[in-house]
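Fold and geometry: a report
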Amino acid sequence: MARQFTHSPHVVVLGAGYAGVMAANRIAGAPDAPVVTLVNAEAEFVQRIRLHEYAAGGMHPTVSFDGLLRSNIRLVVAEVSRIIPAERRIELVARAAGQHPDLVNNSLEYDYLVYALGSNQLDKTSDSYSVNSLAGAAALRARLGDPLPSAPLVVLGGGHTGVETAAELAESRWAAAAGAHAHHRVRLQTTGLLLPGASEKTRRVAHRDLRQLGVEVVEHCDPAAIPSGSIVIRCTGFANATVAAASGLPVDLAGRLLVDSTLRCAAQPLPPEDGRTPSDKAGFDRIFGAGDGARISAPGYEYVRQSCAAALPQGAHVADNVLRALRREPLLPLDAGFVARCASLGRSRGIIEFVDAADSSRPFRLTGWAGARTKEAICNMTLTWLGQERTAHKRYRWFSGPRTLHAETAASRPNTPTQPVLPPADERYAR
Ligand SMILES: Cc1cc2nc3c(=O)[nH]c(=O)nc-3n(C[C@H](O)[C@H](O)[C@H](O)COP(=O)(O)OP(=O)(O)OC[C@H]3O[C@@H](n4cnc5c(N)ncnc54)[C@H](O)[C@@H]3O)c2cc1C
């Protein structure tokens, strides 16, 4: 098949969430930027971290891509159905037919691909609600709208998303209209503990705040024990994009693309029962992954959790490595760590629990009004960081990873014995 981009390399970024927008802006901002195409199912940027607010009656969580993306990025609003690595091609279902001349037969060729499809898939089979995607949050919002339902709300899952959702619903118009009727209260039930990874003190604060908001918390609950007639909101985990698995790329059990420490598709040997030959793996090295849709399989990165806090630095790092690959420079391993875990509990309370780089709790936290203001500021900062990378290349910086990882990545700077394997030589990229 004739290649479409013979003069300038073409980088396609799949998914315009936090990781994808950061990656696209950073690649497109380089002085030697390739042609960058960003493919996304939605026509606007969805602030996923605000979907629980939207479901409970808050502001619409979308932002126009106009103010977020560099002008030299081509946005294609379409759904990616499959990646064909050996042909360096993706197949799309276009949302607006014929919008781009490059879309030949709903197919797009690339030289390098960034897989940033996240974890916002809508569960169309479940009869419960979810705040995982814009469509899911909109459905819940509509259900809680006029006429107000009299059924109680049951939030399943005691992690940060469950806590934030239960608190937001308890403060919502639905709860206000429900008034003092005991059966209208919000119930949060979990098979384990509330905020299981948090410190004892943080968990106590969360219990207290939820109680004051009128949320009934039930820990160690039988998963089948859901009060009949209730409206169920499932916050028991994210639903990862399925495109990597459907394309025969290496994935973990949850369907996340496996990448190595440089965020490049981990083309590790396939087990014999896999049935694929080495030639089937051709092109894996042209694929990078970042954000919720990818998992770093290299040892030492087990601490990385699916979060906006991880997606932003991964988006920036993957951009730097794609540019290195284009320049035929050695790829560098990711060195990124956490600072805090944040939860809003309605509009006037929040918990910011500080953590070390490997995401373990430290004995410091902001709670109450200070926690709420800080959480709100962090949510706003995510848009600022994406916007800054739009105007100034490499403006976005992030915190280092755990010390062991940091030492390892420092040792793998170019010209040291541990430097990673060079990307395949391709004369077209020699500059
Ligand atoms: C209610 C809620 C609150 C949260 N709060 C926090 C928080 O306070 N802090 C925090 O760190 N994290 C939080 N998170 C998690 C955070 O939102 C995610 O970890 C983050 O969005 C991951 O970013 P991403 O770029 O990897 O993927 P996403 O943000 O999921 O973006 C993926 C993009 O890919 C697009 N896409 C998917 N499939 C396709 C396809 N087949 N074709 C084309 N496009 C496709 C999607 O439309 C989307 O635009 C929260 C999540 C939820 C649901």
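Refer to the structure above for everything that follows.
So, here is what we can say about the structure in this document. Here the structure is a predicted model, which means the values were calculated and not measured. The written sequence of each chain sets the order in which its residues are numbered from 1. Owing to the predicted nature of the model, reporting of local features is limited to residues with pLDDT of at least 70; listing and counting of side-chain atom pairs is limited to 80 or more, with chain, interface and lining totals taken over all residues. Each side-chain value is derived from all of the structure's non-hydrogen atoms; neither hydrogens nor water enter the calculation.

1. Observations regarding the sheet that holds strand β12 (residues 231–234)
- Paired strands, as defined in this entry, are two strands with at least two bridges between them according to DSSP. Put simply, DSSP H or I for four residues or longer makes a helix, DSSP E for two residues or longer makes a strand, and each gets a number counted from the N terminus. Spatial strand order, β11-β10-β9-β12: four strands in an open sheet with parallel pairing. The open sheet has two edge strands with one neighbour each: β11 (215–218) and β12. Direction aside, neighbouring strands of the sheet carry axes that sit 20° apart on average.
- With four bridges connecting them, strand β9 (residues 153–156) and strand β10 (residues 186–189) associate as parallel partners. Looking at the pairing, Leu153 lines up with Val186 of β10. For every element, the axis is a line fit to its C-alpha atoms; helices are fit only across the contacting stretch, and the angle between N-to-C directions ranges from 0 to 180 degrees.

2. Details of the packing of helix α1 (residues 18–28) against helix α8 (residues 308–326)
- Interhelical geometry of α1 versus α8 gives an angle of 30° and a closest axis separation of 7 Å. With respect to their mutual orientation, α1 and α8 come out roughly parallel. Handedness of the α1/α8 crossing: right-handed. Contact residues: Tyr18, Ala19, Met22, Ala23, Arg26 and Ile27 in α1; Cys308, Ala311, Leu312, Gly315, Ala316, Val318, Ala319, Asp320, Val322 and Leu323 in α8. Roughly parallel means an angle under 35 degrees; roughly antiparallel means over 145; roughly perpendicular covers 65 to 115; every other angle is labelled oblique. Crossing handedness follows the turn of the near helix against the far one: under a right angle anticlockwise gives a left-handed crossing, and clockwise gives a right-handed one. Whether two residues are in contact is decided by their heavy atoms, any of which lying within 4.5 Å being enough.

3. Considerations on the site of the ligand
- What surrounds the ligand is a group of 34 residues, the closest being Ala19, Asn40, Arg48, Val80 and Asp292.
- Under this definition, polar contacts are N or O atom pairs within 3.5 Å; protein pairs additionally need one hydrogen-donor-capable and one acceptor-capable atom, and for neighbouring residues in sequence, both atoms have to be side-chain atoms. Ser119 is positioned such that a nitrogen or oxygen atom in its backbone is 3.5 Å from an oxygen atom of the ligand.
- Contact distances for the ligand include 2.8 Å between an oxygen atom and a side-chain N or O atom of Asp292.
- Relative to its unbound accessible area of 1000 Å², the ligand is 93% covered by the protein chains.
- When contributions to the shell around the ligand are tallied by element, the ones reaching two or more residues are α1, β5 (73–84), α4 (160–170) and α8. A molecule or strand has a residue near it when one of that residue's heavy atoms lies within 4 Å. For the area figures, the Shrake-Rupley method with a 1.4 Å probe applies, and any residue is considered shielded solely by the protein chains shown.

4. Comments concerning the sheet that holds strand β16 (residues 340–344)
- With respect to topology, three strands assemble into an open sheet ordered β16-β17-β18, the strand pairing being antiparallel. Only two strands of the sheet have a single partner each, and these edge strands are β16 and β18 (361–366). Averaged over all adjacent pairs, the angle separating strand axes in this sheet is 20°, with direction ignored.
- Pairing of strand β17 (residues 350–355) with β18, which is carried by three bridges, proceeds in the antiparallel orientation. If you follow Ile352 over to β18, its bridge partner there is Leu366.
- Sheet strands in contact with helix α6 (residues 200–213) are β17 and β18, and its direction is about 170° off that of β17.
- Running over the sheet, helix α9 (residues 368–391) touches β16, β17 and β18 and is turned about 75° from β17.

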